[in-house]
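Breakdown of the fold
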Amino acid sequence: MEKKSIINNVSEFTFTSKEYVDFKKKIQKYLNPYQIKKIEKSLKLAQQAHKGQLRKTGEEYIFHPLSAASTLADFQLDHECLMAAILHDVIEDTEIEKENLKKTFGAKVSELVDGVSKLDKINFSTKEEADAANLRKMILAMSQDIRVILIKLADRKHNLETIEALKTEQRKKIGRETLDIFAPIALRLGIHSLNKELEDLSFRTVYPLRFKILQNEIIKSRGNRNELMEKIRNIIIKKLKDENLHTDVIAREKHVYGLYKKMKLKESKFSNINDLFGVRILTSSVDDCYRSLGVIHNLYTPIPGRFKDYIAIPKSNGYQSLHTSILGPHGLPIELQIRTNDMNILAESGIASHWFYKSKGISLKNYTKEQQWITNLLSIQRDSGNPKEYLQSIKADLHPGKVYVFTPKGNILELPKRSTIVDYAYAVHTDVGNKFTSARVDGKAVSPNTVLKNGQRVEIKIGNNNRPDPSWLSFVVTEKARHSIRVSLKLIKKNDAISLGKKLLNYSLSDFEIKLSDIPSKTLKLFLEEYSCNNINDLYAEIGLGNRIAKLVAMRLAPASPSQKTNPSGGIEIRGTEGLVVSYAKCCYPIPGDSIIGHISQDKGIVVHRQSCRGIKKIKKHDELLDLVWAKNIDDSFSACIKVEVENVRGVLAQISSQIAQNESNIESVTYDDTKESGHNIMVFVISVNNIKTLSSLINRLKKNKNVLNIERKKS
Ligand code: MN
């Protein structure tokens, strides 16, 4: 008697709460009274068991398992699964044991609860080995009964919804784990609605600021377009009705994390993402899908290349729908999805819809696809040599947009797909990227632009004097690499510009027979202010970059009555090590030994030309030209260009190339022109040589080749 009154007291609280009323409304739609009674019994037990326990939010504990069950009721999951969801924390957190549950609710429910309890002990954010072992356990549990993971996902959803009560560190850990493991699993199981909810909840948890900014942007643009979208929706509804098509037309909005991923992927701004909104049309038959599509394409102009027929050819996960994009009024692009109600249930709930169909006596053939995936995961486990390899394979499977590679120490590094060696180097550390010299992948030497594949082992060599190469910008894919290269190059360029600018200014000052140190500091200070430079280095940099002309600066700095003379030294010395502020003209390819002249070009610094270059003669403004001389004992290599006219015989290119290589010159590029009617071919080589002497000896050597008809250095 007494015991009964306790239960009655307890039930008074739970069963009148709004949460329970909502839940009951959901289950009454598809469960019979007997099943509902059993669920209520489990709820009574759970409430009793958790009595006195509070969530960190201060709420009665029972609301947590009730919420999980309610989420699962949205997918119309069977009563056993809902009972297990309600009881999911009792083994872990209360006195009740698995055996008690088995006696009261049967073997199925007790096994499900036991499975979830085991999953709860799994920690995914410790060491990688532990991660791998835990992931393996989870996949095993999942393969035994998929409902275990469904309960876990619903449990996780409520935990994230109430995560504010936890400490920051713990919050981030749970959020990351969800983005890393649970949300992708929901996606792979085809439960899109839950995947989106989990992604948004954990995105908000891990990156609160980014979430807020994006959400505000969405609300802002929603305000602008809501009316328009409603108008379009009504036009579509009316048109479909006119054609006797009975459909539901739903306006959709992208979820925040989906938008974030898209922006990251395309590196674009929010304002450039214009498929924020979409419309979904739900029909009762496949035939109506295609008829609706016809109506829509008649109504608005379809955007070419955007139509996809996933009804005729379903996606690998069984997803079926028609996709198209149209240009709505005011040129607003709108994404459209057209599918049957059944297809929609499958699309939104994936494997979770299995129980819904089962209850209707329909067995779903698409369900096997998800089952297949789990079987695959199990076989990966059997095939992988060690836990780390296993983790890498599973992560690669869960995140198809990522690539997972190993560091020399065997740690796993995650990178976006199509990442290169240079991306990897920068992912390890900015310094490793900046000082990168060479790399090996699985022991083999590779070029910096090599694209990484899953499971490769990457080794990077660095050198303290190395600098990022501007050409890397053409192939890196990660924002970190791109940004670091730019920042580093900017700094290097500024430093190069400072030393060149100093040299140029001193050279020009020597025309007036003074040095910078002769100028009174007061005069210099006023002068710097006038030129809006903070210090003398800023002025040097401006000169070095070619934004100010050294001669003019020198004239201003020199005393009022200058005794200008011709500089006795003959020109500024170029040694080839000036870096990013001295470049060599591609029209005449000057090399040491040539008489040279410089042209100062804005932001580029000095461009070196040969004195005989026709290109330079066109530049009339004398002020911008600069006398240059090569420094002595340069041992760098420079690009030179030669034009070789040859007899059109087989293997002539190979012949010439090997002769060039024998001369210890590298071929940088070759263009081959065999359209000449004369039967002769012209080959243009860009090669790297030390100086004019090595080039002449190469030319002489090539002249001896009987197939070579003529050879000359390319003039501009
Ligand atoms: Mn829980």
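Starting afresh in each chain, residues are numbered from 1 along the sequence in its written order. Residue-level local features of this predicted model are given only where pLDDT is at least 70; pairs of side-chain atoms are given and counted only at 80 or more, and the full residue set underlies all totals for whole chains, interfaces and linings. Note that the side-chain values use all heavy atoms of the structure and ignore hydrogens as well as water.

A word on unusual backbone geometry
In the Ramachandran plot, S532 falls in the positive-phi region, its phi being about 45° despite a non-glycine side chain. Strands here mean DSSP runs of E at least two residues long; helices mean DSSP runs of H or I at least four residues long; both are numbered from the N terminus. Take S532: it is sitting in the loop between helix 23 (521-530) and helix 24 (536-544). Look at S532 and you get exposed, because its relative accessible area is 68%. Partly exposed describes any residue whose relative accessible area lies between the buried limit of under 20% and the exposed limit of over 50%, with all areas from a 1.4 Å probe on protein chains only and scaled to the type maximum.

Points about the coordination of the manganese ion
In ideal tetrahedral geometry, four donors around a metal make angles of 109.5 degrees, whereas ideal octahedral geometry with six donors gives angles of 90 or 180 degrees. The donor set comprises N, O and S atoms within 2.8 Å of the metal, extended to 3.2 Å for Na, K and Ca; water molecules are omitted, so apparent gaps in a site may simply reflect that omission. Coordination of the manganese ion by the protein comes from H64 (NE2), H88 (NE2), D89 (OD) and D155 (OD), over a distance range of 2.2 to 2.5 Å. One chain supplies every donor for the manganese ion, spaced along it as H-x23-H-D-x65-D. Taking the relative accessible area as the measure of exposure, D89 reaches 6% and is therefore buried.

Remarks on the packing of aromatic side chains
A pair of Phe, Tyr and Trp rings is counted when the ring centres sit within 6.5 Å of each other, with Trp represented by its six-membered ring. The angle between the planes then sorts it: under 30 degrees is stacked, over 60 is edge-to-face, the rest tilted. On inspection of all chains with the given rule, the structure shows 13 aromatic pairs. Ring geometry for F203 against F211: centres 5.9 Å apart, planes inclined by 70°, an arrangement best described as edge-to-face. Of the residues examined, F203 reaches a relative accessible area of 0% and is grouped as buried. Measuring from ring centre to ring centre gives 6.0 Å for Y257 and Y260, while their planes differ by 35°; the resulting arrangement is tilted. Of this pair, Y257 and Y260 both sit in helix 14 (residues 256-266), separated by three residues, roughly a single helical turn. Each of the two residues, Y257 as well as Y260, counts as buried. Here the aromatic residues F203, Y207, F211, Y257 and Y260 are joined through ring pairs into a cluster of three or more.

Regarding the packing of helix 27 (residues 652-662) against helix 28 (residues 692-703)
In the contact formed by helix 27 and helix 28, the axes pass within 10 Å of each other and the chain directions differ by 145°. Here helix 27 runs over helix 28; the crossing is right-handed. On helix 28, the residues touching I656, Q659, I660 and Q662 of helix 27 are L698, R701 and L702. Three classes are used, and their members are as follows: Ala, Val, Leu, Ile, Met, Phe, Trp, Tyr, Cys and Pro are nonpolar, Asp, Glu, Lys and Arg are charged, and the others, Gly among them, are polar. When the residues that make up the contact of helix 27 with helix 28 are grouped by side-chain class, the tally is four nonpolar, two polar and one charged. Fitted lines through C-alpha atoms give the axes, limited to the stretch in contact for helices. The angle between two N-to-C directions lies from 0 to 180 degrees. For any helix crossing, the convention is left-handed if the near helix is rotated counterclockwise from the far helix by under a right angle, and right-handed if that rotation is clockwise. Contacts are residue-level and defined by heavy atoms, with any inter-residue pair within 4.5 Å sufficient.

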